[in-house]
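Residue-level listing of the chains:
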Amino acid sequence: MKKITFSALLQLCLLMSFAQIKVQGLLTENFTNPIALGVQAPRFSWQLVAEKRNTMQTAYEINVTTDKGSAWKSGKISSGQSVQLNYAGSPLQSDQKYTWKVRVWDNNGKASPWSEAASFKMGLLNTADWKAKWIEAGYVEDSINRPAILFRNQFALAKKIKSATLYITAHGMYEVQLNGKRVGDAYLAPGWTSYNKRLQYQAYDVTNMLSNGNNVIGATVGNGWYRGFLAWDDNKNIYGKKLGLLAQVNVVYTDGTREAIVTDDKWKSTNSAIKSVEIYHGETFDAREEKNGWAATGYNDGGWKGVNLLTTTFDNLISTENEPVRKHETFKAIKVITTPSGEKVLDFGQNLVGWVIVKAKGNAGDKIVIKHAEILDKAGNFYTENLRAAKATATYILKGGAEETFEPHFTFYGFRYIKLENYPGTINPDNFTAVTLYSDMKPTGTFSSSNALVNQLQHNIQWGQRGNFLDVPTDCPQRDERLGWTGDAQAFSRTASFNFGVNNFFDKWMKDVAADQLADGRIPHVIPNVLGPDNGGSAGWADVATIIPWNMYLAYGDKKILETQYPSMKAWVKFMTDKSKNDLWNIGFHFGDWLFYRPFDDNDGRSAVTDKYLIAQCFYANSVQLLINTSKVLNKADDEATYTALLKRVKDAFLKEYVTPSGRLVSGTQTAYVLALNFDMLPENLRKQAAERLAENVKSYDTHLTTGFLGTPYLCHVLTRFGYSDIAYSLLLQQDYPSWLYPVKMGATTIWERWDGQKPDSTFQTPGMNSFNHYAYGAIGDWMYRQMVGLDTYEDGPGYKHIRVKPHVGGGFTNASASLQTYYGTFSSGWKTEDNKILMDVEIPANTTATIYVPATAATAVTENGKAVSTIADIKVSGTEEGYVLLQVGSGKYHFVITK
């Protein structure tokens, strides 16, 4: 046997000490190694990985450096905070790259090794950092078809390049090339914001795309949201009439000198082969007019025109705040159909958002026309009537010769089916690939159960989110709308935060909510606001101002969104207060409980009509409550007292106006009782009877829901809260109209706008408003995750710092499980019924604590990994509560067996 040397023994001891804990998953402003940050004090987050249970961080140390030396050494700081730590070093510089690493100490006295280094790069922090000028086409555009524009510039670099960063944005949508190669993988850039107030620029590391000598930068710019058709009534040119480009390549040479290649009067412009392009109508591309090699060296641009320079400020420019739109999943056609009408149709099997990449070979001038649809009609024919005025068409004109490949650039389609017209040759499914486009949100949540239809419902919820989270939370992706409807977004926001990481997505969009908020405090119906100044202020829609910031705070523990949105939140509540008389808000336009249950030819009052002002008063109270919560988090004691007093008056006014002395509401609908109970509008002594009325109402509709957009998100939550989980499960599992599973049974692959978008006889609802990809009713997912499986967070430890696991076993399910990637790591739970036992597996991430509600009447019925829970040192039994045993635990994996 070999002797172990002292040095080897020391190394072994060090490895053993380090093996207990390590640091990974470093994020800066919620991004991995971002570039072009626009904040002066970015926030750092990391995850602890520990084999030992009950591991907590007790201290951390952060080092931030540049290639010139140290920018910040925090030193050892005693703190358990590992999420959203603010940079506190020397001032950060524009266009400068920084690296950082962190190490931590845990509650077992162990120190981690230093993490792997992460990086971030600052953007252009001052308007003076922009050396470029806005440029526009130097020729007279075709004002009817408005083709996309090509911009081009050739430049020379004489020295060896150390690094190069392209900063770019546009009036319109852009794609950019360097030396003939596409830069980046973002699409529909620069995204959609309230452009006149907030226009995002993007940054790309192009170091490896440049070379010594001649280089060429070229950009294609199309209409996009900037000047394209949006909403209705020929509404276009909302932000401007002319397309423009702003670009700057900051080059750093190895000798330390710098150079900026900018948009200026040296650039040239011309028409592109994209002959027309609109978000609603699609794109026409004529390959015969393609200018091969136009963005590479050696191309003769002698026939191109110059450019016009704009004299404009850069005050509205901001760095990109959310994830870009990127390509994701691809689908091959599962079926080629010849419809009864003789149409040639391809079915991709999934209602999705994006476009189709097409391969074709034919003669010059051959024109391929591709139309898009979500569904086939009752007879099996291609159905586009529900697209309204949107043409949703891709047209490709071949140049002839070799096989050609086509895909759009500045539009997107919502579809499952495409119809082909004039396709040359035999239709081969391999020549058609559907590719999805949506914001590059990180998938975070999973859910599965023993019920296949409910699993498909979860699939539909996630695909509804994919298709409609395309830089803004659109209501639908297929017809002439695709707008950021506020009511849909707030209703779905908590569900959204489970399925994908939407912290940055909503942070960016909520800033546009504040930017487009009207002077009197009203929130427009859609954000960005393209409907003009005379709209907004609808209850449940405008309350997006308070609901989403609070939901994001709960989901991510990110206080900054509350700080940023607080003035907007206050202004919205002030609007309601100003419009109220004796604290009763009962005037103005309201959408009400949008798309509630209304049976055709209703002769006996079964339509579930809820008084719109009753709804308004409930949401008024809720927004005031969220302001109270927020003022408490932000330590604004005076505001907390003011809004607490206001809330009492608002609820008193509700009782006086809408509640009889016995507790009956003037509207007897499910939505009325759901909102009154969910927002605590009733005193304690009237809540039990109100919950009973709600339960009886559900039963009176043969256990069907009747709620619309505003009541549906809370329906099952309220039933469960007041002891009617059995009814909540019955509603979830209902399979005929109206129900969540009815569309599933009808073959849906996304969430529908209407409960009966396609009727039981396979005919359709009114085509004027009948989207088959409309995520709002997918808000039931929040109940599935937080109540059925039981994954939740406490308000005293938001963002899953303090976790609650409280499953509701029932509904005839034999198992249900879910997992969530939190900022701290994986949080998961699942239950399974087996003979006379319930098996429960829970994983709690390091640096968090949890209260686990085990469905048992006594601790003696519960074991963990074969041992009685009362005998396990790192599990504390803290009592019982309404059929649960409460366990206090730290991080780790737990396997519970509960004997019934």
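Numbering of residues starts from 1 in each chain and follows the order in which that chain's sequence is written. Local features are withheld for residues below a pLDDT of 70 in this predicted model, meaning they are given only at 70 or higher, and side-chain atom pairs are given and counted only at 80 or more; totals for whole chains, interfaces and linings count all residues. Only hydrogens and water are set aside when side-chain values are computed; all heavy atoms of the structure are taken into account.

### Observations concerning the sheet that holds strand β18 (residues 268-271)
Worth spelling out the cut-off: Pairing between two strands requires that DSSP report at least two bridges joining them. Counting from the N terminus, the helices are the DSSP runs of H or I reaching at least four residues and the strands are the DSSP runs of E reaching at least two.
As summarised here, the arrangement of the five strands in space is β13-β12-β15-β10-β18, forming an open sheet in which the pairing is antiparallel. Only two strands of the sheet have a single neighbouring strand rather than two, namely β13 (181-182) and β18. Here strand β10 (residues 149-157) runs beside strand β15 (residues 213-222); their pairing, made up of nine bridges, is antiparallel. Following the sheet pairing, R152 is matched in β15 by G218.

### Structural notes on the pairing of strand β39 (residues 825-834)
Relative to β39, strand β38 (residues 815-822) runs antiparallel, the two being bridged by eight bridges. Bridged to A816 within β39 is W831. Hairpin connection of β38 to β39: two residues between the antiparallel strands. As paired strands, β39 and strand β40 (residues 837-844) are joined by seven bridges and run antiparallel to one another. Pairing of K832 across the sheet is with L839, part of β40.

### Quick look at the pattern of salt bridges
Worth spelling out the cut-off: What makes a salt bridge here is a side-chain nitrogen of Lys or Arg within 4 Å of a carboxyl oxygen of Asp or Glu, nothing more. Three exposure classes are used, based on accessible area relative to the maximum for each residue type with a 1.4 Å probe and protein chains only: buried under 20%, partly exposed in between, and exposed over 50%.
For the coordinates displayed, the defined rule picks out 52 salt bridges. The closest approach of N and O atoms between D583 and R649, which form a salt bridge, is 3.3 Å. Note that D583 is positioned in the loop between α7 (559-579) and α8 (612-633) and R649 in helix α9 (residues 637-658), a separation of 66 residues in sequence. A relative accessible area of 40% means that R649 is categorised as partly exposed.

### A few points about the confidence of the model for the chain
Detail in the predicted coordinates should be disregarded across regions flagged by low pLDDT. How we decide: A residue's pLDDT is simply how confident the predictor is in it, with values from 0 to 100. Contacts between residues were defined by any pair of non-hydrogen atoms, one from each residue, lying within 4.5 Å.
Per-residue confidence for the chain gives a mean pLDDT of 96, with 98% of residues at or over 70. Confidence drops under pLDDT 50 across residues 6-18; counting only partners more than four residues distant or on other chains, this segment forms six contacts.

### Thoughts on the sheet that holds strand β33 (residues 445-449)
For clarity, the threshold we go by: To obtain each axis, a line is fitted to C-alpha atoms, and for helices this fit is confined to the stretch in contact; angles are then taken between N-to-C directions over 0 to 180 degrees.
The seven strands are arranged β33-β38-β39-β40-β46-β42-β43 in an open sheet whose pairing can be described as antiparallel. Each of the sheet's edge strands pairs with one partner strand only, and the pair in question is β33 and β43 (867-868). Sheet contacts for helix α15 (residues 780-789): β33, β38 and β39; angle to β33, the most-contacted strand, approximately 65°.

### Details of the environment of K97
Following the sequence through the fold, K97 ends up in strand β7 (residues 97-106). For the pair K97 and F120, spaced 23 residues apart in sequence, the C-alpha separation works out to 5.9 Å.

### Re the environment of D702
Along the chain, D702 falls in the loop between α11 (684-700) and α12 (712-721). Judged by its relative accessible area of 56%, D702 is exposed. Taking C-alpha positions, D702 is 38 Å from V862, a pair spaced 160 residues apart along the chain.

### Some points on unusual backbone geometry
Most peptide bonds are trans, and most residues other than glycine sit at a negative phi. With an omega of 10°, the peptide bond between A189 and P190 qualifies as cis. As for its position among the elements, P190 is in the loop between β13 and β14 (199-205). In this model, I527 is joined to P528 through a cis peptide bond whose omega is -5°. Relative to the assigned elements, P528 resides in the loop between α5 (503-516) and α6 (544-556). For R146, which is not a glycine, the phi torsion comes out positive at approximately 50°.

### Let's talk about the packing of aromatic side chains
As a reminder of what qualifies: Side-chain rings of Phe, Tyr and Trp, where Trp is taken by its six-membered ring, are said to pair if the distance between their centres is within 6.5 Å; with planes under 30 degrees apart they count as stacked, over 60 as edge-to-face, and otherwise as tilted.
Taken as a whole and assessed by the stated rule, the structure comprises 61 aromatic pairs. Between W192 and W225 the ring centres are 5.4 Å apart and the planes differ by 5°, which places this aromatic pair in the stacked class. Taken together, the residues W192 in the loop between β13 and β14 and W225 in helix α2 (residues 224-227) connect sequence positions 33 residues apart. Taken individually, W192 and W225 each receive the classification buried, so the pair is uniform in this respect.

### Observations concerning the packing of helix α3 (residues 452-468) against helix α4 (residues 486-499)
As a reminder, the rule being used: Any angle that is under 35 degrees is reported as roughly parallel, and any over 145 degrees as roughly antiparallel; angles of 65 to 115 degrees are reported as roughly perpendicular and all others as oblique. In this classification, the charged set is Asp, Glu, Lys and Arg, the nonpolar set is Ala, Val, Leu, Ile, Met, Phe, Trp, Tyr, Cys and Pro, and all remaining amino acids, among them Gly, are polar.
At a closest axis distance of 11 Å, the pairing of α3 and α4 adopts a crossing angle of 100°. By the angle class used here, α3 and α4 are roughly perpendicular. Across from Q458, I461, Q462 and Q465 in α3, the residues of α4 making contact are F492, T495, A496 and N499. Each residue belonging to the contact of α3 with α4 can be placed in one class, and the counts come to three nonpolar, five polar and no charged.

### Let's talk about empty space enclosed by the protein
Put simply, the rule reads: In the cavity and pocket records, a cavity denotes points on a 1 Å grid over the protein atoms alone where a 1.4 Å probe fits but cannot get out, a pocket denotes an open set with protein on both sides within 12 Å along at least 5 of 7 lines, and lining residues are residues with an atom within 4 Å of a point. Grid points are joined across faces, edges and corners, and a volume is the space filled by probe spheres set on the points.
Applying the stated criterion across every chain yields a total of four cavities of 30 Å³ or more. The computed volume of the largest cavity comes to approximately 90 Å³. P190, Q202, P324, V325 and D471 are, among the 14 residues lining the largest cavity, the residues nearest its centre. Residue composition of the lining of the largest cavity, by class: seven nonpolar, five polar and two charged. Estimates place the volume of the second largest cavity at around 70 Å³. As for the second largest cavity, its lining consists of L457, N460, S739, W740, P743, V744, T750, I751, W752, R754, W755 and Y777.

### Quick look at the packing of α8 against helix α10 (residues 670-678)
Operational definition: Helix crossings are classified by the rotation of the near helix relative to the far one: an anticlockwise turn of less than a right angle makes the crossing left-handed, while a clockwise turn makes it right-handed.
In contact at an axis separation of 9 Å, α8 and α10 are set at 20° when each is read in the N-to-C sense. If you check the angle between α8 and α10, you find them roughly parallel. Crossing handedness for the pair α8 and α10: left-handed. Judged by residue contacts, L614, I615, C618 and F619 of α8 engage T671, A672, L675 and A676 from α10. Across the contact of α8 with α10, the residue classes break down as seven nonpolar, one polar and no charged.

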